[in-house]
Amino acid sequence: MGLLTSSGVGKESDKAAQILNSFIKKGRLPKEAIATAKGIAIFSAVRGGAMWVSGSGGSGVVLVRLPDGSWSGPSSFSVASGGFGMVYGLDVYDCVCILNTDEAVEAYSTPELSLGGGVAVTAGPWNAEKHDLKPVWTYTKSKGLYGGLSVDGTVIRERKEANAEFYEKKVTAAQILQGGVDVRTGPDVWPAGASQLMEVLKLAEGKLGDKSVLHGISSEPTPGDMDI
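Predicted model, so just to flag it, every value in this text is computed and none were measured.

## Topic: the pattern of salt bridges
Across all of its chains, the model carries 10 salt bridges by this definition. Across the pair Lys-141 and Asp-225 runs a salt bridge whose closest N-O atoms are separated by 3.0 Å. Taken together, the positions of Lys-141 in strand S5 (residues 136-144) and Asp-225 in the segment after helix H7 (211-214) put the pair 84 residues apart, joining distant regions of the chain. Judged by its relative accessible area of 4%, Lys-141 is buried. Of the charged contacts in the structure, one is a salt bridge between Lys-202 and Glu-199, with a shortest N-O distance of 3.5 Å. Of this pair, Lys-202 and Glu-199 are both found in helix H6 (residues 195-204), three residues apart, which corresponds to roughly one turn of the helix. Through salt bridges with shared partners, a single ionic network connects Lys-26, Asp-94, Lys-141 and Asp-225.

This is the structure we're talking about:
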């Protein structure tokens, strides 16, 4: 379960690149959704339940499209949730959240938010061009025995220490996502720790990515594709 326990932002970004790449290859995410998105959050988590108690945990990164059309640097976050109800089983899942509104971007810029509470979420459409925009579209894939998969109630928390280590200074998620942290060394170039994710985002938007970087993405199954 190494993909569920990535520590640094660089590892989280590579994990996100692997997950996003798997969605693209499986045709599970319409390119139009990302091409028009104001932001994108990618994470994996494991969720289990027994009788009346359930919970989940994981991690991921979020990025926002800047005014010039480029993407901000990645901000790392943790995933946690708990609930009550007659549930059972175990799920390991991948999730891509498409942020369609300024409201959604602002919510992800805060230290903590609750999906479905602080910001409305809905299952993402397969034909994004023919659907009304909702604050957040979610696309998921999972392997497991859990009764139903919904990200409502999932709590997203900013990982301040991980971000500080990656950017080599104390920085908030808001500063990262507003483009206030200089992460580029040239046009559309990120630090080496996030280059795979940058190239997969290009591919997801229907643009040409750097093949030498794309070939370096792990071909191992992502958490949502693993057999449990």
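Here the narrative resumes, following the displayed structure.
## Remarks on the side chain of Thr-154
Tracing the backbone through its elements, the reader meets Thr-154 in the loop between S5 and strand S6 (155-158). Residue classification places Thr-154 among the buried positions, given a relative accessible area of 2%. Setting aside its immediate chain neighbours within four residues, Thr-154 contacts Val-79, Ala-80, Ser-81, Tyr-93, Leu-113, Ser-114 and Leu-115.

## Description of the nonpolar core
Membership of the largest hydrophobic core comes to 27 residues, with the highest contact counts inside it found for Phe-43, Phe-77, Cys-97, Leu-99, Tyr-108 and Leu-115. In terms of residues, this core owes the most to one element, strand S2 (residues 75-99), which gives six residues. Those residues in contact with Leu-99, other than ones at most four positions away along the chain, are Ala-37, Lys-38, Gly-39, Ile-40, Val-62, Ala-104, Val-105, Tyr-108, Pro-135 and Val-136. Among the nonpolar cores identified, the runner-up in size contains 24 residues, and Ile-40, Trp-71, Ala-204 and Ile-217 belong to it.

Cut-offs and rules
- Residues numbered from 1 in each chain as written.
- Predicted model: local features only at pLDDT ≥ 70, side-chain atom pairs only at ≥ 80, totals over all residues.
- Heavy atoms only, no water.
- Salt bridge = Lys/Arg side-chain N within 4 Å of Asp/Glu carboxyl O.
- Helix = DSSP H or I, 4+ residues; strand = E, 2+ residues; numbered from the N terminus.
- Buried < 20%, exposed > 50% of the residue type's maximum accessible area, 1.4 Å probe, protein only.
- Contact = heavy atoms within 4.5 Å.
- Core = buried A, V, L, I, M, F, W, Y, C linked by side-chain atoms within 4.5 Å.

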